[in-house]
Amino acid sequence: MKSEIRLISGAMVMLALSTSALVVLPYMQVRDTPPLPGLKPYSSAELRGRAVYIAPTIRRTCLAPCEPGQI
Amino acid sequence: VNTVAILLSAFVLSFVALLIFIWSQRAGLFDRNSKGAEVIFAPGEIGQTEEPAATRSMQTSLQGTIDTTSTAPALQADAGELADRIRADASTAPLVFFFFCCAMVWLLVASAAGLTASLKLHEPDWLAQQAWLTFGRIRTIHLNAVAYGWAPMSGLGIAMFVIPRLLKTPLIGARFAFIGAVMWNAALVAGLGSIAVGINDGLEWLEIPWQIDILLACGGCLIGMPLVFTLVNRRVSHLYVSVWYMACALFWLPVLFVVAKFPGLHQGVQQAAVNWWFGHNVLGLFYTPLALASVYYFLPKVIGRPIQSYNLSLLGFWGLAFFYGQVGGHHLIGGPVPEWMITLSIVQSMMMVIPVVAFTVNQYQTLKGRLSALRFSPTLRFIGVGGLMYTATSLQGSLEALRSVNAITHFTHYTVAHAHLGMYGFVSFVFFGSMYFIMPRITSREWPYPWMISAHFWLASCGLALYFSSLTVGGWLQGQAMLDAARPFMESVALTIPYLKGRSVGGALMVMGHLLFVAHFLALVLNFGPQRDQPALLRHLFRRQVTL
């Protein structure tokens, strides 16, 4: 192999294929999935837990076992 | 969207792309005399061994094993090319030394954190008073210190040393890499600190908060710059196989990292897919290519014989680039992700057998008839075992991706054993061997205590063997116990305890090996120990160079 341009562009195409298979296509497929009919709404405790779970950064610095609702 | 259509089209499209790429790189594909493999040698140098980590008598014995098996007598190597190589080594020496010093520190941090985490699994009350010493944090610190500390610092240091040699050009723009490495290490200190106080991004392999990762990414880009400058200013027309792996690893990592870490971009199920797309690709498209590049350079260099089949290495490279990128989904078998994605990942995991076998056959053919060289070359011993472990861990990984095996092994200690076979048995062993080769070259000093190299090798090997066998057996039994609805869950936990103790003993042996390695490194740097008259091979040339 003599051309670094060909090497790198080939490598990037390979990565693009992997990204489309594992990142882009799943995104397109699942982003609009509606919830199944008949689901019960979350309770307030579940909603608080969900808020913690989907928070962009996890901050849990309490040492003692947390009381419900303390997080 | 029709899932069968997606699966089929992705498969056909990617397979055609793979064929087109191999075809586009075909120059000399069916050429039997593989001139390309000889570019790592100066004219007339084939048949001459190079092993700076061995003592003088071992070097003579090493050369002896080659001379008895080779048919053509070794010629006198071209002095001009050797002088070029010495200039290339000299241009990288301070930078590579800095990278290796950082790698040593992170190796110690990672070892201490890993052993602590291991002990906690069977001594849960030990060191439980401080939040940062609890299992969840100390294990994460271990992973990040290996993933962003030891492995990249040693791997990139080796790349900095090898690339100028392969391109026959002194390293250009080393100061960018210096600044980059300082930024990278500062970011890693901040990242590990934030994990220790309990602030993290909540995704495995991506725990360091994204704000700190901006610094890490900038540092990484600066580290890559001299390699790009050197590539552009190279004096050889042919790019050796190690350059493909190293250059591509340097271009893949930033894309992986930025896409995976981009704040707010990924959510829900798709975030899990991205998590393992990154987690597996950082192994397959960063550490693995850096380690394979080292094997492709040092193994033929030590025994003085070019890689036997250059075309197999081409197949191995593009096969890895293509198949490895798509295997991440096998971590999510049974999860609420699109079924076609999982199937695609399992298929590509099995296809990984192709590049792995290509690599293994190639290395075996190159070493064939010269296995006795392993006795005299510390570098070769580490790299040889590392190459073998690559084959073992890759084939094991392909099997683990199968649904039937995955149902038992996933979520057990079996996976941890597999991860260490890859990151330690393969990647770290290859890096150890390469560092034993490089340090005498960049410091112009010999390793003072050869017994310490042997002790390191045997401690690391026995430690890994014990670690791997304990966790593999324990993990399998754990998986079977968890699947058996008749047995209570706690039984699956209790039965692992003897195996976890075995793992801690194995881990302790590995840590002892690392302590010897770091002590030996310090002894070499600080000039302790016996001084031999003729440290590294070719030193006379270096002296002449300095006096000119």
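Above this text is the structure in question.
A brief look at the structure comes next. (Residues numbered from 1 in each chain as written. Chains lettered and ligands numbered in written order. Predicted model: local features only at pLDDT ≥ 70, side-chain atom pairs only at ≥ 80, totals over all residues. Heavy atoms only, no water.)

Description of the overall build of chain A
- In terms of regular secondary structure, chain A is built from 2 helices and 1 strand.
- From first element to last, N terminus to C terminus, chain A shows the α and β order α-α-β.
- Taken over 71 residues, chain A has a buried fraction of 23%.
- By element, 64% of the accessible surface of chain A is carried by carbon and sulfur atoms, the whole surface being about 5,200 Å². (Helix = DSSP H or I, 4+ residues; strand = E, 2+ residues; numbered from the N terminus. Buried < 20%, exposed > 50% of the residue type's maximum accessible area, 1.4 Å probe, protein only. Areas by Shrake-Rupley, 256 points an atom, 1.4 Å probe, with all protein chains shown as cover.)

Some words on the interface of chain B and chain A
- In this complex, chain B contributes 51 residues to the contact, which on the side of chain A involves 31 residues.
- Buried area between chain B and chain A, summed over both chains or domains, comes out near 3,600 Å², and the portion from carbon and sulfur atoms is 70%.
- Between the two partners, chain B and chain A, sit 1 salt bridge.
- A salt bridge links Arg234(B) to Glu4(A); the shortest N-O distance between them is 2.2 Å.
- On the surface where chain B and chain A come into contact, there are 6 residue pairs in polar contact (both at pLDDT 80 or more).
- Contributing elements (two or more residues each) for the side of chain B that touches chain A: helix H1 (3-24), strand E1 (199-200), helix H6 (210-232), helix H7 (241-261), helix H8 (268-303), helix H9 (310-323) and helix H10 (339-351) of chain B.
- Broken down by element, the side of chain B that touches chain A gets its largest block of residues, 8 residues, from H1(B).
- Looking at the side of chain B that touches chain A residue by residue, the class counts come to 31 nonpolar, 17 polar and 3 charged. (Contact = heavy atoms within 4.5 Å. Buried area = accessible area lost by both parts, 1.4 Å probe. Salt bridge = Lys/Arg side-chain N within 4 Å of Asp/Glu carboxyl O. Polar contact = N/O pair within 3.5 Å; in protein donor to acceptor, adjacent residues only side chain to side chain. Nonpolar A, V, L, I, M, F, W, Y, C, P; charged D, E, K, R; others polar.)

Overview of the packing of aromatic side chains
Residues and elements named next belong to chain B.
- Considering all chains together, one arrives at 34 aromatic pairs over all chains under this definition.
- Relative to Tyr 390, the ring of Phe 359 has its centre 5.1 Å away and its plane inclined at 85°; by these criteria the two rings are edge-to-face. Within this pair, whereas Phe 359 is found in helix H11 (residues 353-367), its partner Tyr 390 is found in helix H13 (residues 378-400), the two being separated by 31 residues in sequence. When sorted by exposure, Phe 359 lands in the same class as Tyr 390, which is buried. (Phe/Tyr/Trp six-rings, centres within 6.5 Å; stacked < 30°, edge-to-face > 60°.)

Section: the environment of Val295(B)
Residue and element names in this part refer to chain B.
- Within the fold, Val 295 resides in helix H8.
- Residues Val 295 and Trp 23, spaced 272 residues apart in sequence, show a C-alpha to C-alpha distance of 25 Å.
- Look past the residues within four positions of Val 295 in its chain and what remains in contact with it is Pro 300, Phe 359, Gln 363, Ile 383 and Val 430.

Some points on the pattern of salt bridges
- Within the structure shown, the criterion is met by 17 salt bridges over all chains.
- For Arg31(A), the salt bridge is made with Asp32(A), and the minimal N-O distance between the two is 3.6 Å.
- A relative accessible area of 57% means that Asp32(A) is categorised as exposed.
- Close ionic contact of Glu491(B) with Arg487(B) constitutes a salt bridge, the shortest N to O distance being 2.7 Å.
- For Glu491(B), a relative accessible area of 35% gives the class partly exposed.
- By relative accessible area, Arg487(B) is classed as partly exposed at 29%.
- Here the salt bridges share partners, and the residues they tie into one network are Glu45(B), Glu50(B), Arg85(B), Asp89(B), Arg165(B), Lys301(B) and Arg441(B).

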